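The lines below spell out each chain.
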Amino acid sequence: MRTDTLFSSYALGALTLPNRIAMAPMTRCRAVNPACAPTPMMVEYYGLRADAGLIISEGAPVSLQARGYAFTPGLYNAEQIAGWRAVTDGVHRQGGRIFAQLWHCGRISHGSLRKDGAPPVGPSAIIAANGMTMALDRATGQAAFVPCEAPRALSTAEVKGVVDEFAQAAKNAIDAGFDGVEIHGANGYLLDQFLSSYLNDRRDEYGGTLENRCRLHLDVARAVTAAIGAGRTGIRLSPLGQASDMQPDPEPMATYGYLAEELQKLRLVYLHLYDQSTSWIHDPTNALLRLIRAKFTNALMLCGGFDGAKAEAALAAGSGDLIAIGKPFISNPDLVSRLRRGVDIAAWDNKTFYAGGHSGYLDYPAFSG
Ligand SMILES: Cc1cc2nc3c(=O)[nH]c(=O)nc-3n(C[C@H](O)[C@H](O)[C@H](O)COP(=O)(O)O)c2cc1C
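About the cut-offs
Residues numbered from 1 in each chain as written. Predicted model: local features only at pLDDT ≥ 70, side-chain atom pairs only at ≥ 80, totals over all residues. Helix = DSSP H or I, 4+ residues; strand = E, 2+ residues; numbered from the N terminus. Rg over C-alpha atoms; globule rule 2.2 N^0.38 Å. Buried ≥ 20, exposed ≤ 12 C-beta atoms within 10 Å, placed from the backbone. Contact = placed C-beta atoms within 7 Å. Core = buried A, V, L, I, M, F, W, Y, C linked by C-beta atoms within 7 Å. Pairing = 2+ DSSP bridges. Right-handed = clockwise from strand over helix to strand, strands pointing away. Near = placed C-beta within 6 Å. Nonpolar A, V, L, I, M, F, W, Y, C, P; charged D, E, K, R; others polar. Expected span 1.5 Å × (residues − 1). Bend = angle between axes of the 7 residues up to and from the residue. Axes fitted to C-alpha atoms, helices over the stretch in contact; angles between N-to-C directions. Parallel < 35°, antiparallel > 145°, perpendicular 65-115°, else oblique. Left-handed = near helix turned anticlockwise from the far one by under 90°.

**Let's talk about the overall build of the protein**
Phase 1: From N to C terminus, the protein includes 10 helices and 14 strands.
Phase 2: Its C-alpha atoms give the protein a radius of gyration of 19 Å, near enough to 21 Å, the size a compact globule of 369 residues would have.
Phase 3: Scored against the burial criterion, the 369 residues of the protein give a buried share of 50%.
Phase 4: The long-range share in the protein, meaning contacts at least 24 apart out of those at least 6 apart in sequence, stands at 74%.

**Quick word on the environment of Ile108**
Phase 1: Tracing the backbone shows Ile108 in the loop between strand E5 (98–103) and strand E6 (121–122).
Phase 2: The buried category is assigned to Ile108, around which 28 C-beta atoms lie within 10 Å.
Phase 3: Setting aside chain neighbours within four positions, we find Ile108 in contact with Gly68, Ala128, Gly131, Thr133, Cys148, Gly188, Tyr189 and Ser244.

**With respect to the nonpolar core**
Phase 1: One finds Ala22, Leu102, Phe166, Leu271 and Met301 to be the most contacted residues of the largest nonpolar core, which totals 94 residues.
Phase 2: A total of eight residues in this core trace back to one element, the largest contributor, which is helix H5 (residues 210–228).
Phase 3: Setting aside its immediate chain neighbours within four residues, Ala22 contacts Ala52, Gly53, Leu54, Ile56, Met301, Leu322, Ile323 and Ala324.
Phase 4: The next biggest cluster of nonpolar side chains, apart from the first, holds 12 residues, and it includes Cys36, Phe71, Leu113 and Leu136.

**Structural notes on the pairing of E5**
Phase 1: Burial within E5 is extensive, with six of its six residues counted as buried.
Phase 2: Neither face of E5 is open: one carries Ile98, Ala100 and Leu102, the other Phe99, Gln101 and Trp103, and all of them are buried.
Phase 3: In terms of strand pairing, strand E4 (residues 54–61) meets E5 through five bridges, oriented parallel. Looking across to E5, one finds that Ile56 is bridged to Phe99.
Phase 4: For the crossover that starts at E4, traverses helix H2 (residues 78–93) and ends in the parallel E5, the hand is right-handed.
Phase 5: Bridge count for E5 against strand E10 (residues 180–184) is four bridges, and the pairing is parallel. In the sheet register, Leu102 faces E10, and the bridge partner there is Ile183.

**Observations concerning the site of the ligand**
Phase 1: Taken together, 20 residues surround the ligand, and among them Ala24, Thr27, Gly59, Gly326 and Lys327 come closest.
Phase 2: Along the lines of polarity and charge, the residues of the shell around the ligand split into nine nonpolar, eight polar and three charged.

**With respect to H5**
Phase 1: For H5, spanning 19 residues, the distance from its first C-alpha to its last is 27 Å, which sits close to the expected 27 Å at 1.5 Å a residue.
Phase 2: At Leu216, H5 shows its largest bend, some 40°.
Phase 3: Immediately downstream of H5, the backbone of Gly229 shows phi near 100°, a positive value.

**Comments concerning the packing of helix H1 (residues 40–47) against H2**
Phase 1: Packing of H1 against H2 leaves a shortest axis separation of 8 Å and a crossing angle of 30°. With respect to each other, H1 and H2 are oriented roughly parallel. Our pair here, H1 against H2, has a crossing hand that is right-handed. Where H1 approaches H2, its residues Met42, Val43, Tyr46 and Gly47 are matched on the opposing element by Ala86, Val87, Gly90 and Val91.

Put into structure tokens, the structure is as follows:
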């Protein structure tokens, strides 16, 4: 009998996940307060989704400079840690498990998010010409999507400072009661920016060769595992992604083969792969997917356009161990139970993804058939 089905349990580090379904990290911009701390609304939102095998929180900026969007709940001040503590307690009370996604937006950002107007930072001073971010109008307190501002290049010492910020945020996450963290290495944000041969034109040890462009991912992974243990550290990558003004890696086999192998040496508990095109991740014969699977032998989590049938197919083919699902979790708080019962999945409304407030956040009902 096959044991790797969607509703079979899985040992992830010290945790036993009751099913293979992870709630993918999803920014919702509901931390509408000056400290950008999680709110009681968020306690309810995450608590309602606690039957996921694992919840991965929305991206939590690791510092003020790391912010890229208004009202995203951070992991760098005391109010935020206290707010997250209420969230993690709520999830645990409901029998769930939750990792924090640690995030640095890099050049996908806007000076309005910082009182002193400090501009975004990146590997190089190259603007995300087609990138959008959510700025804050300090006069009205309202947020709006606007083009990204031009970044300045981080100095080598500042890059090492970013590594320290990730390690500190990981410790803060554990203090806040999270079961572990996911390093956000994907989607055109800071770590992914360093990986890109198109926009990383550095001359120091963080630019140029493949090893140098991968160094920030690996330094962060090393620092976070030293801070909280490899058994509580996962990482997210988005090979070939084009979101936030990225260009697909011209040598994905070399880049991701190397990264997967090095991340395995650090014994990270999982590698989370997000295919933004929702194509190759569903093909068990895909060469890139097979290479990463071969090089990274701890848990592989797959994301991008999965429904129940596609998730079962990917597990049956041995493509991955865990399946992360995003948007359906927004509109179906009881998604796991719906998938188990094979009942309808409610549609989500894009307009309320980042809208703040209750609507589109806490008003999606559980199935009542
Ligand atoms: C509203 C929204 C917010 C998101 N925020 C994040 C985020 O904070 N971090 C991240 O890595 N991915 C983020 N994503 C991407 C999701 O994690 C996921 O990869 C994507 O929705 C594809 O999965 P799906 O097809 O199951 O929805 C976000 C997606 C959505 C729809």
